[in-house]
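What follows is each chain in one-letter form.
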Amino acid sequence: MRIGDHVHGTVTGIQPYGAFVDLGNEVQGLIHISECHYGFVKDIHDYLSVGDEIDVVVLDIDEFTGKISLSLRCLEETQVPLAPTAPQNENQHKHYWTSKNFHEGFKPIQKRRQAWAQEAIREFVGK
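As the structure is a computational prediction, the values presented were derived from the model and not from experiment.

1. Looking at the sheet that holds strand β3 (residues 27-32)
The strand order β1-β2-β3-β5-β4 describes a closed barrel built from five strands, whose pairing is mixed. Averaged over all neighbouring strand pairs, the angle between strand axes comes to 50 degrees, with direction disregarded. Here strand β2 (residues 18-24) pairs with β3 via six bridges, running antiparallel. Looking across to β3, one finds that Phe20 is bridged to Leu30.

2. Considerations on the nonpolar core
Soluble globular proteins: nonpolar side chains tend toward being buried together. Grouped together as the largest cluster of nonpolar side chains are 18 residues, with contacts concentrated most on Ile31, Leu48, Ile54, Val56 and Leu70. The set of elements that each furnish at least two residues to this core consists of β1 (6-15), β2, β4 (53-61) and β5 (68-71). Aside from chain neighbours lying at most four places away, what touches Val56 is Asp5, His6, Val7, Leu23, Ile31, Leu70, Ser71, Leu72 and Leu75.

3. Topic: the pattern of salt bridges
Throughout the structure, instances matching the rule amount to one salt bridge. For Glu35, the salt bridge identified is with Arg73, shortest N-O distance 3.2 Å. One end of the pair, Glu35, is in the loop between β3 and β4; the other, Arg73, is in the loop between β5 and α1 (107-126), and 38 residues separate them in sequence. Accessibility expressed as a relative area gives 13% for Glu35, which makes it buried.

4. Describing the packing of aromatic side chains
Following the criterion strictly, the structure yields one aromatic pair and no others. Between the aromatic rings of Tyr17 and Phe20, the centroid separation amounts to 6.2 Å while the plane-to-plane angle is 90 degrees, which identifies the pairing as edge-to-face. Among the residues examined, Phe20 registers a relative accessible area of 25% and is labelled partly exposed. Taking the ring centre of Tyr38 as reference, the NZ or CZ of Arg73 above it sits at 5.1 Å.

Thresholds applied
- Here the residue index of a chain counts from 1 through its sequence in written order.
- pLDDT decides what is reported in this predicted model: residues at 70 or higher carry local features, side-chain atom pairs at 80 or more are listed and counted, and totals for whole chains, interfaces and linings draw on all residues regardless.
- Processing note: side-chain calculations cover all non-hydrogen atoms of the structure and skip hydrogens and water entirely.
- The pairing criterion for strands is at least two bridges between them, as found by DSSP.
- Elements are defined by DSSP. Helices are runs of H or I of four residues or more, strands are runs of E of two residues or more, and each kind is numbered from the N terminus.
- Only the contacting stretch of a helix is used when fitting its axis, a line to C-alpha atoms as for every element, and angles between N-to-C directions run 0 to 180 degrees.
- Residues belong to a common nonpolar core when they are buried Ala, Val, Leu, Ile, Met, Phe, Trp, Tyr or Cys residues joined through side-chain atoms within 4.5 Å.
- Type-normalised accessible area, obtained with a 1.4 Å probe on protein chains alone, sets the label of each residue: buried when under 20%, exposed when over 50%, and partly exposed for intermediate values.
- In what follows, a contact means two residues having at least one pair of non-hydrogen atoms within 4.5 Å.
- Note on definitions: salt bridges are taken to be side-chain nitrogens of Lys or Arg within 4 Å of carboxyl oxygens of Asp or Glu.
- Each Phe, Tyr or Trp ring, with Trp reduced to its six-membered ring, pairs with another whose centre is within 6.5 Å; inter-plane angles below 30 degrees give stacked pairs, above 60 give edge-to-face pairs, and intermediate values give tilted ones.
- Sitting over a ring, as applied to charges here, requires NZ of Lys or CZ of Arg to be within 6 Å of the ring centre and within 35 degrees of the ring normal.

Next comes the structure, spelled out in structure tokens:
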């Protein structure tokens, strides 16, 4: 089994933080609650039940402990957008945080760079 593999398993237990999945050959993995579904998951029982046979993706295998992290949401076709988008209307104006007519570029950073470098050296030497 490798990271990125699609595997089939059976849900054997559910806790508030995730679900345990039997992958066969005495191998077990965990689907963290954040990997059950895109978006906020209040209760994992809304998505999984003990005994469910599911397909999952292997996210990680800890080389020291052998723990396997699994994901259901990697297999979801439709993804929930990260931020809601409001419809743009003709009365809504775009807000600029800087002046679009004044192009200062990286000059403020360049002016402060020497002082920042000196401060970093003082911090480093002082410790």
